[in-house]
Amino acid sequence: MLLRLPTTVSEVQECMAEGAVPIGGATLVWAGWQRDGFPALAMSLRDLPEATVVEPEALGAAVVLHRIDDRVPEVLRRAAGTVGTGAVRRTATVGGNIVGSSLRCLLPAALVLDARPTVLGPDRAYETDLAEVVAKRHLLLGLRWRTPTASGYRKEPAEAGGPPPLVVATAVHADDEGRHHLRVAVRDGYEVLSETAPCDEGADQVLGALERTDIGALHSAARDVVRSQVADILDSLSDR
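The present account deals with the structure reproduced in this document.

### Notes on the overall build of the protein chain
Helix and strand counts for the protein chain come out as nine helices and twelve strands. Looking at the protein chain alone, contacts between residues at least 24 apart form 54% of all its contacts between residues at least 6 apart. Carbon and sulfur atoms provide 48% of the accessible area of the protein chain, an area that totals close to 12,000 Å². Positive and negative side-chain charges in the protein chain, numbering 25 and 33 respectively, have mean positions lying 5 Å apart.

### Considerations on the nonpolar core
In this structure, V94 and L143 are the most contacted members of the largest nonpolar core, which totals 37 residues. For this core, the elements supplying multiple residues, two or more each, are α3 (74-81), α5 (94-100), α6 (107-112), α7 (130-136), β8 (139-144) and β10 (167-174). If sequence neighbours within four positions are ignored, V94 has contacts with L59, G60, A61, V63, L65, I68, L106 and L143. V168, C199, L207 and V225 belong to the second-largest nonpolar core, a separate cluster that totals 22 residues.

### A word on the sheet that holds strand β12 (residues 191-198)
The pairing of strands in a sheet comes from backbone hydrogen bonds and takes either a parallel or an antiparallel form. Read across the sheet, four strands follow the order β9-β10-β11-β12 without closing on themselves; strand pairing throughout is antiparallel. One side of each edge strand has no neighbouring strand; the edge strands of this open sheet are β9 (150-155) and β12. Sheet twist, expressed as the average angle between the axes of neighbouring strands with direction ignored, equals 10°. Note: β10 against strand β11 (residues 180-188), eight bridges, orientation antiparallel. Each bridged residue has a counterpart across the sheet, and for A169 the counterpart in β11 is A185. Each of β9 and β10 is contacted by α3, which is oriented at about 20° to β9, the strand it contacts most. Across the face of the sheet, helix α8 (residues 203-211) comes into contact with β11 and β12 while running at roughly 135° to β12.

### Notes on the sheet that holds strand β3 (residues 41-43)
In spatial order, the strands read β1-β3-β2; together these three strands make up an open sheet with parallel pairing. Only two strands of the sheet have a single partner each, and these edge strands are β1 (2-4) and β2 (21-22). Alignment of β2 against β3, held across two bridges, turns out to be parallel. Paired with P22 across the strands is M43, a residue of β3.

### Description of unusual backbone geometry
Trans is the common state for peptide bonds, and a negative phi is the common state for residues other than glycine. Despite not being glycine, R104 shows a phi value in the positive range, around 50°. Tracing the sequence through the fold places R104 in the loop between α5 and α6. Phi at D114 is positive, roughly 55°, even though this residue is not glycine. By relative accessible area, which is 45% here, D114 ends up partly exposed.

### Examining the side chain of Q229
Counting through the fold element by element, Q229 comes out in helix α9 (residues 220-238). Taking relative accessible area as the criterion, Q229 reaches 7% and is therefore assigned buried. Among all residues touching Q229, those that are not within four sequence positions of it are G152, Y153, R154, V168 and T170.

### Some words on α3
Within α3 the residues assigned to the buried category are V75, L76, A79 and A80. Buried residues in α3, looked at end-on, bunch into an arc of 125°, giving them a common side. On its buried face, α3 is in contact with β5 (58-60), α4 (86-89), α6, β9 and β10.

### What to know about the pattern of salt bridges
Scanning the entire structure with this criterion turns up ten salt bridges. A salt bridge links E211 to R227, with the nearest nitrogen and oxygen atoms 3.7 Å apart. With E211 in helix α8 and R227 in helix α9, the pair connects residues that are 16 residues apart, well separated along the chain. Of the residues examined, R227 reaches a relative accessible area of 32% and is grouped as partly exposed. In this structure, R227 engages D224 in a salt bridge whose closest nitrogen and oxygen atoms are separated by 2.2 Å. Placement of both R227 and D224 in helix α9 is noted, with a separation of three residues, approximately one turn of the helix. It is possible to trace a salt-bridge network through shared partners that takes in E211, R223, D224 and R227.

Analysis parameters
- Each chain carries its own residue numbering, running from 1 in the direction its sequence is written.
- Totals for whole chains, interfaces and linings use all residues, but because this is a predicted model, local features are given only for residues with pLDDT of at least 70 and pairs of side-chain atoms are given and counted only at 80 or more.
- The side-chain quantities take in all heavy atoms of the structure and omit both hydrogens and water.
- Think of it this way: any DSSP run of H or I at least four residues long counts as a helix, any run of E at least two long counts as a strand, and we number them from the N terminus.
- Should any heavy atoms of two residues lie within 4.5 Å, those residues are counted as being in contact.
- Note on areas: Shrake-Rupley, 1.4 Å probe, and residue coverage restricted to the protein chains presented here.
- In this tally, Asp and Glu contribute negative charge and Lys and Arg positive charge; neither His nor the terminal groups of the chain are included.
- Lysine's charge is taken at NZ, arginine's at CZ, aspartate's at CG and glutamate's at CD.
- We define the nonpolar core as a collection of buried residues of types Ala, Val, Leu, Ile, Met, Phe, Trp, Tyr and Cys that are connected through side-chain atoms lying within 4.5 Å of one another.
- Using a 1.4 Å probe on the protein chains alone, a residue whose accessible area is under 20% of its type maximum counts as buried, one over 50% counts as exposed, and one in between counts as partly exposed.
- Paired strands are those between which DSSP finds at least two bridges.
- As a rule, the C-alpha atoms of each element are fitted with a line to give its axis, helices using only the stretch in contact, and angles between N-to-C directions run from 0 to 180 degrees.
- This arc corresponds to the set of directions leading from the helix axis out to the C-beta atoms.
- By definition here, a salt bridge exists when the distance from a side-chain nitrogen of Lys or Arg to a carboxyl oxygen of Asp or Glu is within 4 Å.

Read these as spatial facts, not as claims about activity.
In structure tokens, the structure reads:
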């Protein structure tokens, strides 16, 4: 297998045209390659500046998870910190987790941040939405978002080898007129759903609004965790 390390977007496009298989840490594909054979040409974005940024409102797709620190919002940092083992986090990348993984542990955090992904097509780089990235498995360059007023994250305990643990991510955003809204994303099994509710009138109103969405159709244990996370994040706002 020949590994290419492009340093510019045009070089990445050349690699794509040559049929290079994108890889990050290869944590999700290595076993399959050992079983089925390695590709002739692979490509890593680890030397591409656009894909390695870690900033308060931006994160590159080639960033390994253990590098995600307090420069980014709490919800994203905590999501990255709960993925796998320390060895996995030192190898796995943002792009591999969101695009290549069936668990997509970072996706709920990205959804509540209302993150906008930049992807690379055959002709150009462009901004799209997370649903398109997940559905079409685009080559992700990075994510950008606006800093939330507050955010939170909870991942329930789970047995190794069992069903994926329940995840609830939350973030509060202020609009240009100073009104606040709460975004909630839930991973239940392999499915991820997200909803938004105004949150200037208190927890009861927020929970009532969420109950009228798909979140209200979740099983009771999941709804209990959502209620707890909503209460926690609204309490944190009142302390500010």
